[in-house]
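Commentary on secondary and tertiary structure
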Amino acid sequence: MNKERIFNVLLAPHVSEKATLVADQGNAFVFKVAKDASKLEIKKAVEALFDVKVESVRTLSVKGKQKFFGRVAGKRAGWKKAYVSLAEGQDIDFLGAE
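This is a predicted model, so every value here is computed, not measured.

**Observations regarding the overall build of the protein**
Counting secondary structure elements, the protein contains three helices and six strands. Along the protein, helices and strands appear, N-terminal first, in the series α-β-α-β-α-β-β-β-β. Each of the three principal axes of the protein carries a C-alpha extent, and together these read 50 × 30 × 25 Å. Counting only residues that meet the buried cut, the protein has 31% of its 98 residues in that class. For the protein, the share of sequence-separated contacts (at least 6 apart) that also reach a separation of at least 24 residues comes to 61%. Total accessible area on the protein is roughly 7,000 Å²; 51% of this is exposed by carbon and sulfur atoms. Taken as two groups, the 18 positive and 12 negative side-chain charges of the protein have centres that lie 15 Å from each other.

Next up, the structure:
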């Protein structure tokens, strides 16, 4: 997998209360990923970018919410989320602080 595709597959880490609980309890991390990314691509991208061993990847599509902007109805874009479980003893340090 080339480096350009790695950065196109992984868009950002997803930070929320649920993602924090999953990271603390299950040694898993949550990422926003490209809609067309497969589980194998996500696994290879995380292993290449963070130099860790990935055990499993679970994906789901988050549907966009319908919102009203004054009288005008609009819709937020949907996106794809991936739960990445790491092998025992592996960790991802997003801040890069030692």
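What follows picks up the thread again.
**Some details on the packing of aromatic side chains**
Applying the stated criterion across every chain, the model contains one aromatic pair. When the ring centre of W79 is taken as origin, the NZ or CZ atom of K32, which lies over that ring, is 5.0 Å away.

**Re the pattern of salt bridges**
One pass over the structure, following the stated rule, counts two salt bridges. Here D36 ties to R5 by a salt bridge, and the two come within 3.7 Å at their closest N and O atoms. Linking D36 in the loop between β2 (28-33) and α3 (39-50) with R5 in helix α1 (residues 3-9), this pair joins segments that are 31 residues apart in sequence. Taking the relative accessible area as the measure of exposure, D36 reaches 55% and is therefore exposed. Residues R5 and E41 are paired through a salt bridge, measuring 3.0 Å at the closest nitrogen-oxygen approach. Taken together, the positions of R5 in helix α1 and E41 in helix α3 put the pair 36 residues apart, joining distant regions of the chain. A relative accessible area of 22% places E41 in the partly exposed class. Here the salt bridges share partners, and the residues they tie into one network are R5, D36 and E41.

Calculation criteria
Residues numbered from 1 in each chain as written. Predicted model: local features only at pLDDT ≥ 70, side-chain atom pairs only at ≥ 80, totals over all residues. Heavy atoms only, no water. Helix = DSSP H or I, 4+ residues; strand = E, 2+ residues; numbered from the N terminus. Buried < 20%, exposed > 50% of the residue type's maximum accessible area, 1.4 Å probe, protein only. Contact = heavy atoms within 4.5 Å. Areas by Shrake-Rupley, 256 points an atom, 1.4 Å probe, with all protein chains shown as cover. Lys, Arg positive; Asp, Glu negative; His and termini not counted. Charge placed at Lys NZ, Arg CZ, Asp CG, Glu CD. Phe/Tyr/Trp six-rings, centres within 6.5 Å; stacked < 30°, edge-to-face > 60°. Lys NZ or Arg CZ within 6 Å of the ring centre and 35° of its normal. Salt bridge = Lys/Arg side-chain N within 4 Å of Asp/Glu carboxyl O.

Structural measurements only, silent on function.
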